[in-house]
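# Observations on the three-dimensional arrangement
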Amino acid sequence: MTPRRGAAALLLVALTAWAVAAPPCTIDQRVTALDPDAHPERIVLDPAWRLPPGYAPSDLVPVSRAGFAGELPLRAIAIDDLRTLRTAAEADGVRLAVQSAYRSEAYQDAVHQGWVRQLGPERAAEVSARPGHSEHQLGTAVDLRSADGPPAWELDDWALTPEGAWVAEHAARHGFVISYPRDGRDASCYGYEPWHLRWVGREVAATATASGLAYRAWLYLHHPPVEATAP
Ligand SMILES: [Zn+2]
C-alpha cells in the first residue's frame, strides 16, 4: 500500500470508529442489562438508554464524608476519589462546593418537568435528562461550583473561573470525567456542562479523557450497551 493510500485507509478507519462511537441522540426507553451497582462506570445513559425503572443505589452516603459541606448523597464507591479531588484543589488554593449529587428518578422527573414547562419538550431534552436517563440517578455524578460562587450554570462558562479551570485540568487524575464537553453535543447529546462530573475510577477516567472522545462516545466504542431482556 502506498503511504498515501495507507493514510486514506487510516482516515477511513478513524471516521468509521467515530461513526460507531457516537450514534445519533435518538429518544427511546432501552433498559441497560448491566448491574449499575457493580459497573456504574460502564453504563450508557443518554436519550435512548436508561436505568432499570426505580433503580436506586444501595450505598449512598453524604458528601460530607468527602469533606464537602452539606449532606447531599453520593455512592460510597466515589467518595475517596471525591475527597482527594477536594484536598488537591485546596492545596492549589481552589475551593469547590457540591451543588447537586444523587437524584432519585422521582426528583429527576420533577426537575425535567420544570424544564419542559419553561422551554418546551424539545429544548428541555437538550438541557435535562428524562427520569431514568440521568447520570445523577446512578449516584456517581456531582455538579460542582466555586465555593463562593453561584450555581455554575448561572455563569457563561464556569471553566473560565479558577475553580472550573482547575477541575477541567485535574478531574481525570482523580477518577472523574466531564460528561458533557464543550462543542460535544452531537457526541454527548447534551449542551456543555463543565461542572458535571461523573466518577468512573482513575484508570477509566485517564484512558477515556486521553482518547479525546466525549464519555458517551468512548462507552459506545468500548462498552456498547446491551439491552435487558424482559423478565
Ligand atoms: Zn449534573
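The structure this text deals with has already been given above.
To keep things clear, this report deals only with the structure shown in the data block. Because the structure is predicted, anything quoted here is derived from the model rather than measured.

Analysis parameters
Residues numbered from 1 in each chain as written. Predicted model: local features only at pLDDT ≥ 70, side-chain atom pairs only at ≥ 80, totals over all residues. Heavy atoms only, no water. Buried < 20%, exposed > 50% of the residue type's maximum accessible area, 1.4 Å probe, protein only. Helix = DSSP H or I, 4+ residues; strand = E, 2+ residues; numbered from the N terminus. Arc of directions from axis to C-beta. Contact = heavy atoms within 4.5 Å. Pairing = 2+ DSSP bridges. Axes fitted to C-alpha atoms, helices over the stretch in contact; angles between N-to-C directions. 1 Å grid on protein atoms, 1.4 Å probe; cavity = no way out; pocket = protein on both sides within 12 Å on 5 of 7 lines; lining within 4 Å. Points joined across faces, edges and corners; volume = space filled by probe spheres on them.

### Thoughts on helix H6 (residues 162-170)
- Restricting attention to buried positions, one finds in H6 the residues Glu163, Gly164, Trp166, Val167 and His170. Looking straight down H6, one finds that the buried residues subtend no more than 160° of arc, so they occupy a single side. Exposed positions of H6 whose direction lies more than 90 degrees from the buried face are Pro162 and Glu169.
- For H6, the secondary structure elements touched by its buried residues are helix H2 (79-91), strand S5 (96-100), strand S6 (141-146), strand S7 (176-178) and strand S8 (196-199).

### Some details on the sheet that holds S6
- Strand order in the open sheet made by the four strands is S5-S6-S8-S7, with antiparallel pairing throughout. Strands at the two margins of the open sheet, each flanked by one partner only, are S5 and S7. Each strand axis lies, on average, 40° off the axis of its neighbour in the sheet, ignoring direction.
- Bridge count for S5 against S6 is four bridges, and the pairing is antiparallel. Across the sheet, residue leucine 96 finds its bridge partner in S6, namely serine 146.

### Quick look at unusual backbone geometry
- Phi is positive for aspartate 183, which is not a glycine, with a value near 55°.
- Of note, aspartate 183 is situated in the loop between S7 and helix H7 (185-188).
- Judged by its relative accessible area of 77%, aspartate 183 is exposed.
- At cysteine 189, a residue that is not glycine, the phi angle is positive and equals roughly 75°.
- Within the element layout of this structure, cysteine 189 appears in the loop between H7 and S8.

### A look at the layout of surface pockets
- Taken as a whole, the largest pocket spans an internal volume of roughly 600 Å³.
- Forming the walls of the largest pocket are 27 residues, and the residues nearest its centre are Arg103, Trp115, Val127, Ser128 and Glu193.
- When contributions to the lining of the largest pocket are tallied by element, the ones reaching two or more residues are S5, helix H3 (105-119), helix H4 (121-127) and helix H5 (135-138).
- The element that contributes the greatest number of residues to the lining of the largest pocket is H3, accounting for five residues.

Just distances and angles here, no functional claims.
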